[in-house]
Amino acid sequence: MPGPAGDIEVVTQGTGRRIVIVHGGTGNRTWEGVADHLAASFSVLRYTRPTYRLTPPARGAAAVEIEVAEARAVATSAREPVVLVGHSSGAVVAIEAALADPSPFSALVLYEPPLDVTHSVKGAAALQRARTALDDGHPVRAMRIHLTDLVGMPRPLTTLLLAIPPARRLFADFAEGQIADNEMLDALPVGLQRFAGVQLPVLLITGEKSPRHLRDRSAQLAAVLPRPPRQTDLMGQAHGANDSAPDVLAGAITEFAARIPT
């Protein structure tokens, strides 16, 4: 389908009520398992976000505009209000799209959106170091900074992960999109009070083992939403349940989506 940032390839599975998935930094393919489970009851639409599809990706405020426009374009293509599912930075895109224009959506599922409560000096410095490393031709170094200083992954675990050749290649391949994604988040306004304008039903999903800052931000978002959101904490899971427990994550989404009036 044509979109605001060029052609958007939309993968559609199943039949029934429409669900659109907006992936996080781990990419569209890591949601295949969740989509397979959801497709038993719903029509599931997935696409690769422009930040991870276009070369070079847009940055800053321009990226926000393109990301929101594409999420709305994919939802509108369903020709009925959709349940919009967003993960990580994709959850930020989802709630920004709903804030801009809620009409294409019937509900939101937000899995640990890393919304900025404050633009910390430490975070800004880490993002700049990651950008410098990437621009200097060191994508793995950029991703090491991203994982440790921005995501909060323990350094020994990051070192172990990046020592695995397939993982190094994977992270190097999407480093350009990931750092641009971080810069998109950094371009958004500080604070959560503006989301008091989101009137849609919301499910907030967290992982029991996720970094504390992600769990805290979800709790802070819940406090400002005008309609008390449903909240699900995935036992034994962290920020990547779409990959580690797709059946569990799909079950939480299914239970919520089945309650939304058509």
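Residues numbered from 1 in each chain as written. Predicted model: local features only at pLDDT ≥ 70, side-chain atom pairs only at ≥ 80, totals over all residues. Heavy atoms only, no water.

Caption draft 1: Structural view of the overall build of the protein chain. Secondary structure assignment for the protein chain yields 12 helices and 9 strands. On C-alpha atoms alone, the protein chain measures out to a radius of gyration of 17 Å, which is about the 18 Å that the 2.2 N^0.38 rule sets for 262 residues. Taking the principal axes of its C-alpha atoms as reference, the protein chain extends roughly 50 × 40 × 30 Å. Taken over 262 residues, the protein chain has a buried fraction of 52%. (Helix = DSSP H or I, 4+ residues; strand = E, 2+ residues; numbered from the N terminus. Rg over C-alpha atoms; globule rule 2.2 N^0.38 Å. Buried < 20%, exposed > 50% of the residue type's maximum accessible area, 1.4 Å probe, protein only.)

Caption draft 2: Structural context of the environment of Glu67. For Glu67, the position within the fold is in helix 3 (residues 61-77). Residues Glu67 and Thr51 lie 16 residues apart in sequence; the distance between their C-alpha atoms is 7.5 Å. Beyond its immediate stretch of four places on either side in the chain, Glu67 contacts Arg49, Pro50, Thr51, Val93 and Met184. (Contact = heavy atoms within 4.5 Å.)

Caption draft 3: A look at the packing of helix 5 (residues 121-135) against helix 9 (residues 175-187). Following both chains from N to C, one finds helix 5 and helix 9 inclined at 150°, their axes separated by 10 Å at the closest point. What the angle tells us is that helix 5 and helix 9 run roughly antiparallel. Both helix 5 and helix 9 take part in a crossing whose hand is left-handed. In contact with Leu127, Ala130, Arg131 and Leu134 of helix 5, helix 9 contributes Ala175, Glu176, Ile179, Ala180, Asn182, Glu183 and Asp186. For the contact of helix 5 with helix 9, the class distribution of residues is 6 nonpolar, 1 polar and 4 charged. (Axes fitted to C-alpha atoms, helices over the stretch in contact; angles between N-to-C directions. Parallel < 35°, antiparallel > 145°, perpendicular 65-115°, else oblique. Left-handed = near helix turned anticlockwise from the far one by under 90°. Nonpolar A, V, L, I, M, F, W, Y, C, P; charged D, E, K, R; others polar.)

Caption draft 4: Highlighting the pairing of strand 4 (residues 18-22). Of all 5 residues making up strand 4, 4 are buried, and the element is well covered by its neighbours. One ladder, built from 4 bridges, connects strand 4 with strand 5 (residues 43-47); its direction is parallel. The residue bridging Arg18 from the neighbouring strand is Ser43, located in strand 5. As for the winding sense of the linkage, the β-α-β connection from strand 4 through helix 1 (residues 32-38) to strand 5 is right-handed. Here 4 bridges tie strand 4 to strand 6 (residues 82-87), and the two strands are oriented parallel to one another. Counted as the bridge partner of Val22 is Gly86 from strand 6. (Pairing = 2+ DSSP bridges. Right-handed = clockwise from strand over helix to strand, strands pointing away.)

Caption draft 5: Region of interest: the side chain of Arg17. On the secondary structure map, Arg17 appears in the loop between strand 3 (10-13) and strand 4. Glu80 provides the closest opposite charge to the buried, unpaired Arg17, separated from it by 4.7 Å. At 3.2 Å, the side chain of Arg17 forms a polar contact with the side chain of Ser106. Look past the residues within four positions of Arg17 in its chain and what remains in contact with it is Phe42, Ser43, Glu80, Pro81, Val83, Ser106, Ala257, Ile260, Pro261 and Thr262. (Lys, Arg positive; Asp, Glu negative; His and termini not counted. Salt bridge = Lys/Arg side-chain N within 4 Å of Asp/Glu carboxyl O. Polar contact = N/O pair within 3.5 Å; in protein donor to acceptor, adjacent residues only side chain to side chain.)

Caption draft 6: Broad picture of the packing of aromatic side chains. Using the criterion set out here, one finds 1 aromatic pair in the structure. Between the aromatic rings of Phe171 and Phe174, the centroid separation amounts to 5.5 Å while the plane-to-plane angle is 55°, which identifies the pairing as tilted. Here Phe171 falls in the buried class, since its relative accessible area comes to 12%. (Phe/Tyr/Trp six-rings, centres within 6.5 Å; stacked < 30°, edge-to-face > 60°.)

Caption draft 7: Focus on the sheet that holds strand 9 (residues 230-234). Here 7 strands make up an open sheet; going across it, the order is 3-5-4-6-7-8-9 and the pairing mixed. Each edge of the open sheet carries a strand with a single partner, namely strand 3 and strand 9. On average, each strand axis in the sheet is tilted by 20° relative to the strand beside it, whichever way the strands run. Sheet topology places strand 6 next to strand 7 (residues 105-111); 6 bridges connect them, and they run parallel. From the neighbouring strand, Val85 faces strand 7, where its bridge partner is Val109. Across the sheet, helix 3 touches strand 3, strand 4, strand 5, strand 6 and strand 7, and the angle it forms with strand 5 is around 150°. The strands that helix 10 (residues 212-224) touches are strand 7, strand 8 (202-207) and strand 9; relative to strand 8, the one it contacts most, it runs at about 160°.

Caption draft 8: View of the pairing of strand 6. Of all 6 residues that make up strand 6, 6 are buried, and the element is covered over most of its length. Residues Val82, Leu84 and Gly86 point to one face of strand 6 and Val83, Val85 and His87 to the other, with burial holding for every one of them. A crossover connection joins strand 6 to the parallel strand 7 through helix 4 (residues 89-100); in handedness this β-α-β unit is right-handed.

Caption draft 9: Looking closely at unusual backbone geometry. Cis rather than trans, the peptide bond between Thr55 and Pro56 has omega equal to -5°. Along the chain, Pro56 turns up in the loop between helix 2 (50-53) and helix 3. Positioned with a positive phi, Ser88 is a non-glycine residue whose angle comes to about 55°. With respect to the helices and strands, Ser88 occurs in the loop between strand 6 and helix 4.

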